[in-house]
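Residue-level listing of the chains:
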Amino acid sequence: MKLRIIFLLTIIGSASWAQNNTENTATLIHMWGFLKYNHPMVASGVLDWDSEFIQKLNKIEQSPNDKVTNEIYLDWLSKLKTPAPCLSCPNVKVSDYSGNAATDWNNHVALSAEVKSQLNYILENRNIGKNYYVQFHQKTKLPLFNNERKITADGLPNSQQRLLALARYWNAIQYFYPYKHLMSSDWNRVLVETIPLVQAASTELEFQAVLVKMNKELANSNAFVASELIFEKIGRKKVPFKIENIQDRWTVVKYENDSLAKLGALQLGDVIVQIDGATVDQWVTDKETWISASNTPSLKSSLGATLLNGESDTVNLQLMRQGVIVDLTQKRFAIADYYWDSESEQNQLAWKIIDDKTIWLRVKDLGFDQVNTFQTVATSKRNLILDLRDYKVPSGFKLAEFLVPRSKAFAQMIEPNTSYVGKFDKVVRKNEIPAVKKFFTGNTYVLIDEKTRGQAELLSLLFKGSDRITLIGKGTSGTVGYTTKLVLLGSIDVFFTGVGVQNAEGGEVQQKGIQPDINLEIPFADETQIAADILQVVQKP
């Protein structure tokens, strides 16, 4: 009995020590990031701040109690120059926005009153000038992390390097991610839960999987972890067909590249049953591990785009084709080959004349140099069907000048406040109307769905509610804003939204998407037939 009690006390003591160690590491990550972006001396870049993290991490991990830990912090702060009083800081205006970071050192119960006092003083007299570790795009205010030192690591980085990468990423999201308030999990809690997973990772892939799991908390299709290992798991070769989830069945709905599709064995309407001997559900579960998404429709769209991806040149499939089970082998193609266009495809127009009254436009194919020609052709038409079911809009806002005749505030950009790290400003976005311009005077029907994302969603915000423009289809992706990049370590990079978007009234678009004026399931079919169906719906009395 005595030995059993000693054993239990040992287990309890070990668990308690591990929890304290995790919380101490989390506090260090908080402080390190706070000083990085707020302390004038640190923000100047004169210190090797990555090395400072490693040094303090070594000391914190060996610290026997909170008293010694606080002495380490006080010694650290004393070696940084006390910031001069910031006379301009109280005058910095900050928008009332739910995503603003709240820095409250009182929540860190293990910190002493003296440490908290010094940190609060630094916040009140923070750096408001240039910051070595973050710059802001001149026009969009997108945060840029151009000066992060590259951490080289072959294979699995050591535990300290892994925690440094975590500290970089967690703090970048803490201070510069405008949609933190939309997460289902508290970001502080995510840090505490992620630290032991990072420490316990035993392989390079396992470590990167932890980063992906953490990234998925953002619930953002534009936020992702990029590395060769992750690209390999998703698959860098793909089939030239579009796959969609239709009534819970993964179905081939369209040729993505006509030239390559002719070399393949799949046919439109095929339903995927098995992939390389595994059920389609097993394959989906594996792919889903590596994919972030703003919502369920957006996730299904991303899965459809990568479902048959792989590293080999072929994939063995079992299909349901017209009620009959079929086994076949489909070729995969490298990305460079996949997006190769034949000469006929290069010369193909981005628009199609349906009849003497109606014209169809694929926005993703309309180059900037084609806009004027398209406007000349479209001017005489009564109906324009504008297919915006894609994220690519190479000439979108130039096209919008032809379709939206009135100036309007259509969005609020959520930009980082460059004088108060962690705060955001709301900036009204208006469309610009040329002084002298001919506008399209007919009716415009804009097709949207879960593949409408990013710039295409921003364009949809402009179109929604505009004169003679009707949005038709399904809700958009809920993935809108400008994306930035942060280097972590080795070949691992992370991407996330650095400038957010709300609608003109301040309502959320991220995750929710933009809803159509007319809900309609639009199949992938002949454009002439789809146009006829759409016009029949909109012209009903």
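These remarks concern the structure in this document. Remember, it's a predicted structure, so these values are computed and weren't measured experimentally.

### So, the overall build of the protein chain
The helix and strand tally for the protein chain stands at 18 helices and 21 strands. The principal-axis extents of the C-alpha atoms in the protein chain amount to approximately 85 × 60 × 40 Å. In the protein chain, which comprises 541 residues, the share counted as buried stands at 51%. Long-range contacts, defined as pairs at least 24 residues apart, comprise 73% of the intrachain contacts of the protein chain with a sequence gap of at least 6.

### Here we look at the pairing of strand β5 (residues 241-246)
Consecutive side chains of a regular strand alternate in pointing toward one face of the sheet and then the other. Across six bridges, β5 lies against strand β6 (residues 249-255) in antiparallel orientation. Residue pairing for β6: N245 is matched across the bridge by W250. Hairpin remark: β5 followed by β6, antiparallel, with two residues in the connecting loop; positive phi at Q247, about 50 degrees.

### A closer look at the sheet that holds strand β12 (residues 351-353)
Taken in spatial order, the six strands make up an open sheet running β12-β13-β14-β17-β18-β21, and their pairing is mixed. Each edge of the open sheet is held by one strand with a lone partner, namely β12 and β21 (518-519). By the bridge criterion, three bridges tie β12 to strand β13 (residues 358-362) in an arrangement that is antiparallel. Bridged to K352 within β13 is W360. Of the strands in this sheet, β13, β14 (383-387), β17 (443-448) and β18 (469-473) touch helix α16 (residues 396-403), which is tilted by about 160 degrees from β14. Packing of helix α18 (residues 527-538) onto the sheet brings it into contact with β12, β13, β14, β17, β18 and β21, and relative to β13 it is tilted by some 115 degrees.

### Quick notes on the pairing of β17
Burial analysis of β17 places five of its six residues in the buried class, which makes it a mostly covered element. For β14 and β17, the ladder comprises five bridges, and the chain directions are parallel. Following the sheet pairing, D387 is matched in β17 by L447. Following the chain from β17 across helix α17 (residues 455-463) to the adjacent parallel β18, one finds a crossover that is right-handed.

### So, the nonpolar core
Core analysis: the largest hydrophobic core is formed by 113 residues, its most contacted members being F463 and F496. At 11 residues, helix α6 (residues 159-176) tops the list of elements feeding residues into this core.

### Quick word on the environment of N316
Its place among the elements puts N316 in strand β9 (residues 314-321). Take N316: its relative accessible area is 42%, and that puts it in the partly exposed class. Placed 38 residues apart in sequence, N316 and A278 show a C-alpha to C-alpha distance of 9.9 Å. Ignoring anything within four residues of it in the chain, the contact list for N316 reads Q274, I275, D276, L328 and T329. Side chain to side chain, N316 and T329 meet in a polar contact 2.9 Å long.

### So, the state of the cysteines
Applying the stated criterion to the full structure yields one disulfide. Note that C86 is cross-linked by a disulfide to C89, the S-S spacing being 2.1 Å. Every disulfide takes its handedness from the sign of the S-S torsion; for C86 and C89 that torsion is 90 degrees, giving right-handed. Of the two residues, C86 and C89, both sit in the buried class.

### Regarding the packing of aromatic side chains
In total, this model carries 20 aromatic pairs according to the counting rule given. Relative to F53, the ring of W32 has its centre 5.4 Å away and its plane inclined at 65 degrees; by these criteria the two rings are edge-to-face. Pair noted here: W32 is in helix α1 (residues 2-38) and F53 is in helix α3 (residues 49-62), with a separation of 21 residues, a long-range link. On the basis of relative accessible area, W32 is assigned to the buried category, the value being 0%. Between Y177 and F496 the ring centres are 6.4 Å apart and the planes differ by 75 degrees, which places this aromatic pair in the edge-to-face class. Within this pair, whereas Y177 is found in the loop between α6 and α7 (187-200), its partner F496 is found in strand β20 (residues 492-503), the two being separated by 319 residues in sequence. Across the pair, exposure class does not vary: Y177 and F496 are buried alike. Positioned over the ring face of Y420 is R126, at 3.6 Å from the centre of the ring. For the cation-ring pair, R429 lies above F397, with the distance from its terminal atom to the ring centre recorded as 5.2 Å.

### Some remarks on the packing of α6 against helix α8 (residues 204-216)
The axes of two packed helices give the description: the angle between them and the distance between them. One can describe the packing of α6 onto α8 by two numbers: an axis separation of 12 Å at closest approach and a directional angle of 20 degrees. As far as their axial angle goes, α8 and α6 are roughly parallel. For the pair α6 and α8, the sense of crossing is right-handed. Facing R162, A165, L166, Y169 and W170 of α6, the residues of α8 in contact are F207, M214 and N215. Of the residues assigned to the contact of α6 with α8, the class counts are six nonpolar, one polar and one charged.

What counts, and at which threshold
Residues numbered from 1 in each chain as written. Predicted model: local features only at pLDDT ≥ 70, side-chain atom pairs only at ≥ 80, totals over all residues. Heavy atoms only, no water. Helix = DSSP H or I, 4+ residues; strand = E, 2+ residues; numbered from the N terminus. Buried < 20%, exposed > 50% of the residue type's maximum accessible area, 1.4 Å probe, protein only. Contact = heavy atoms within 4.5 Å. Pairing = 2+ DSSP bridges. Axes fitted to C-alpha atoms, helices over the stretch in contact; angles between N-to-C directions. Right-handed = clockwise from strand over helix to strand, strands pointing away. Core = buried A, V, L, I, M, F, W, Y, C linked by side-chain atoms within 4.5 Å. Polar contact = N/O pair within 3.5 Å; in protein donor to acceptor, adjacent residues only side chain to side chain. Disulfide = S-S within 2.5 Å. Phe/Tyr/Trp six-rings, centres within 6.5 Å; stacked < 30°, edge-to-face > 60°. Lys NZ or Arg CZ within 6 Å of the ring centre and 35° of its normal. Parallel < 35°, antiparallel > 145°, perpendicular 65-115°, else oblique. Left-handed = near helix turned anticlockwise from the far one by under 90°. Nonpolar A, V, L, I, M, F, W, Y, C, P; charged D, E, K, R; others polar.

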